[in-house]
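Architecture at a glance
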Amino acid sequence: MRIYALQYATTPNEHDKKNTLVQCSDLFDLSNPKELFIYCRWLARLYEFSSILEFLPPSKARVDENLFKLRMTALAQQGKLESIHTEVANAPLIPTIWRMVVEARAFSMQGKFESSIEVLDRLIPLLYDDPREVRAVCHYLEASKDIRGLSHVLEKLMDQSIHAKFALSKLIQHRAGSASLQELSEWLDRFARINPDDPSLKASFLYVQLLNPQLASPSNVLDDLIRDAISLNENSNLPQARITLALGHLRNQEPDKALVALGKPEDWRNWKNTRGAWSFLASQIYRMNKDSEKA
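An account of the accompanying structure is given in this report. Note that the structure is predicted; figures quoted are calculated from it, not measured.

Thoughts on the overall build of the protein chain
What the protein chain contains, in helices and strands, is 18 helices and zero strands. Dimensions of the protein chain, computed from the C-alpha atoms along their principal axes, are close to 70 × 45 × 30 Å. Looking at the protein chain as a whole, 44% of its 295 residues are labelled buried. Within the protein chain, contacts between residues separated by at least 24 positions form 52% of all contacts whose residues are at least 6 apart in sequence. As presented, the protein chain carries roughly 16100 Å² of accessible surface, and 50% of it is formed by carbon and sulfur atoms. A distance of 3 Å separates the average location of the 37 positive side-chain charges in the protein chain from that of its 37 negative side-chain charges.

See the structure below:
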């Protein structure tokens, strides 16, 4: 299969590419669902979604869950969204969960987000008791780049103790750049309570709270946050603990203390290779301490 894939990649002629696909298919008994799945998955890696639709007809896809998912992905990639709805309706042997997931994704791709959410809301109660099913569904939505649908499912599941850790970690992963500070702070707080011994989570929670534009300076709340940041920095050797403490001092109008929190003066270049936001904070701290070269 690797040889055929290499031959496919190096062949400029479309007709010859198709011949390569057919030659590779001769390695398999395509009447066997397992072998058909292996071959079609190989086609998917080559982005040959039109060929998947040729080799994998609806009659075979609607009786096998793995083949069903592959064909639905191929239909979605080819933009044949109405066909998805039709084939979902004609696949009663496929588990209800997967028919609903595929249909929700199709609605989302059509821009019918309300319809997609309605399907997902019917799906969520079916997932509550099975962590493996939850992960499979979420990974499918994630791979499909349906982040809107994925986020909706995760927000519903984070209230269930059995799924909370997974749901919160995925929400933070995918929504950290778009969620409000209030949402992000709430998710980090809940995640930190699930993992009370994780210093990275504590630092992230403090960092988000210190970014709050409504945080008064000076204030008792700010003093408490700085005190927590000092304790965290003293008990860990994490760069996020140092930048969080530096941010706290900066919010408290104490750039000299923020400079000390960044660490050894000779290590200033380390901040250049960290996250963009951390580099920006470090540069502002150096600038406010009249060190324009480092800034």
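Right, picking up where we left off after that structure.
Details of the packing of helix α1 (residues 2-10) against helix α2 (residues 14-25)
Running from amino to carboxyl end, α1 crosses α2 at an angle of 170°, the nearest separation of the two axes being 9 Å. With respect to each other, α1 and α2 are oriented roughly antiparallel. Between α1 and α2, the residues in contact are Tyr 4, Gln 7, Tyr 8 and Ala 9 and Lys 17, Thr 20, Leu 21, Gln 23 and Cys 24, respectively. Partitioned by chemical class, the residues of the contact of α1 with α2 number five nonpolar, three polar and one charged.

Some remarks on the nonpolar core
Counting 68 residues, the largest nonpolar core has Tyr 39 and Ile 84 as its most contacted members. When residues in this core are grouped by element, the largest group, eight residues, is from helix α8 (residues 96-109). Not counting chain neighbours up to four residues away, the residues in contact with Ile 84 comprise Met 72, Leu 75, Ala 76, Val 102 and Ala 106. Within the second largest apolar cluster, 26 residues are counted, among which are Ala 203, Leu 210, Ile 226 and Leu 262.

Looking at unusual backbone geometry
A cis amide bond, omega 0°, links Ser 217 with the succeeding residue Pro 218. Of note, Pro 218 is situated in the loop between α14 (199-211) and α15 (220-234). The backbone of Lys 145 shows a phi angle near 65°, a positive value even though the residue is not glycine. On the secondary structure map, Lys 145 appears in the loop between α10 (131-143) and α11 (147-157). Of note, the phi angle at Gln 253 is positive, near 60°, even though the residue is not glycine.

A short note on helix α9 (residues 113-123)
Inspection of α9 places Ser 116, Val 119, Leu 120 and Leu 123 among the buried residues, and these make up the whole buried set. Take α9 and look down its axis: the buried residues cluster within an arc of 100°, on one side only. Buried positions along α9 lie against α8, α10 and α11.

Structural notes on the environment of Pro 57
Among the structural elements, Pro 57 can be located in the loop between α4 (49-55) and α5 (58-61). Owing to a relative accessible area of 25%, Pro 57 belongs among the partly exposed residues under this scheme.

Here's the deal with α2
With 12 residues, α2 extends 17 Å from end C-alpha to end C-alpha; this agrees with the ideal 16 Å at 1.5 Å per step. Looking at α2, one finds that the buried residues are Lys 17, Thr 20, Leu 21, Cys 24 and Ser 25. For α2, the arc enclosing every buried residue in end-on projection is 140°, short of the 170-degree limit, so these residues lie on one face. Along its buried surface, α2 packs onto α1, α3 (33-45) and α4. The backbone nitrogen of His 15 lies 2.8 Å from a side-chain oxygen of the residue at the head of α2, namely Asn 13.

Focus on the side chain of Arg 71
Secondary-structure assignment places Arg 71 in helix α6 (residues 65-77). Setting aside chain neighbours within four positions, we find Arg 71 in contact with Leu 53, Leu 56, Pro 57, Pro 58, Ala 61 and Glu 87.

Some details on the pattern of salt bridges
Oppositely charged side chains can pair when the atoms bearing their charge come close. All told, the structure shown has 13 salt bridges when counted by the stated rule. Measuring nitrogen to oxygen at the nearest pair gives 2.9 Å for the salt bridge that ties Lys 170 to Glu 142. One end of the pair, Lys 170, is in helix α12 (residues 164-175); the other, Glu 142, is in helix α10, and 28 residues separate them in sequence. What makes Glu 142 buried here is its relative accessible area of 18%. One continuous salt-bridge network, built from bridges that share partners, spans Glu 155, Arg 175 and Glu 183.

Brief notes about the packing of aromatic side chains
Enumeration according to the criterion identifies five aromatic pairs in this entry. Residues Phe 28 and Tyr 39 carry aromatic rings whose centres are separated by 5.7 Å and whose planes lie at 45° to one another, so their mutual orientation is tilted. With Phe 28 in the loop between α2 and α3 and Tyr 39 in helix α3, this residue pair connects regions lying 11 residues apart in the sequence. Owing to a relative accessible area of 17%, Phe 28 belongs among the buried residues under this scheme. When the centroid spacing of 5.5 Å and the interplanar angle of 75° are considered together, the rings of Trp 98 and Tyr 140 count as edge-to-face. Of this pair, Trp 98 sits in helix α8 while Tyr 140 sits in helix α10, and the two are 42 residues apart along the sequence. Just as Trp 98 is buried, Tyr 140 falls in that class too. Ring-pair connections join several aromatic residues into one group, and the members of that group are Phe 28, Tyr 39, Trp 42 and Phe 55. The lysine or arginine in question, Lys 17, covers the ring of Tyr 8, its NZ or CZ lying 4.2 Å from the ring centre.

Scoring rules and cut-offs
Residues numbered from 1 in each chain as written. Predicted model: local features only at pLDDT ≥ 70, side-chain atom pairs only at ≥ 80, totals over all residues. Heavy atoms only, no water. Helix = DSSP H or I, 4+ residues; strand = E, 2+ residues; numbered from the N terminus. Buried < 20%, exposed > 50% of the residue type's maximum accessible area, 1.4 Å probe, protein only. Contact = heavy atoms within 4.5 Å. Areas by Shrake-Rupley, 256 points an atom, 1.4 Å probe, with all protein chains shown as cover. Lys, Arg positive; Asp, Glu negative; His and termini not counted. Charge placed at Lys NZ, Arg CZ, Asp CG, Glu CD. Axes fitted to C-alpha atoms, helices over the stretch in contact; angles between N-to-C directions. Parallel < 35°, antiparallel > 145°, perpendicular 65-115°, else oblique. Nonpolar A, V, L, I, M, F, W, Y, C, P; charged D, E, K, R; others polar. Core = buried A, V, L, I, M, F, W, Y, C linked by side-chain atoms within 4.5 Å. Arc of directions from axis to C-beta. Expected span 1.5 Å × (residues − 1). Polar contact = N/O pair within 3.5 Å; in protein donor to acceptor, adjacent residues only side chain to side chain. Salt bridge = Lys/Arg side-chain N within 4 Å of Asp/Glu carboxyl O. Phe/Tyr/Trp six-rings, centres within 6.5 Å; stacked < 30°, edge-to-face > 60°. Lys NZ or Arg CZ within 6 Å of the ring centre and 35° of its normal.

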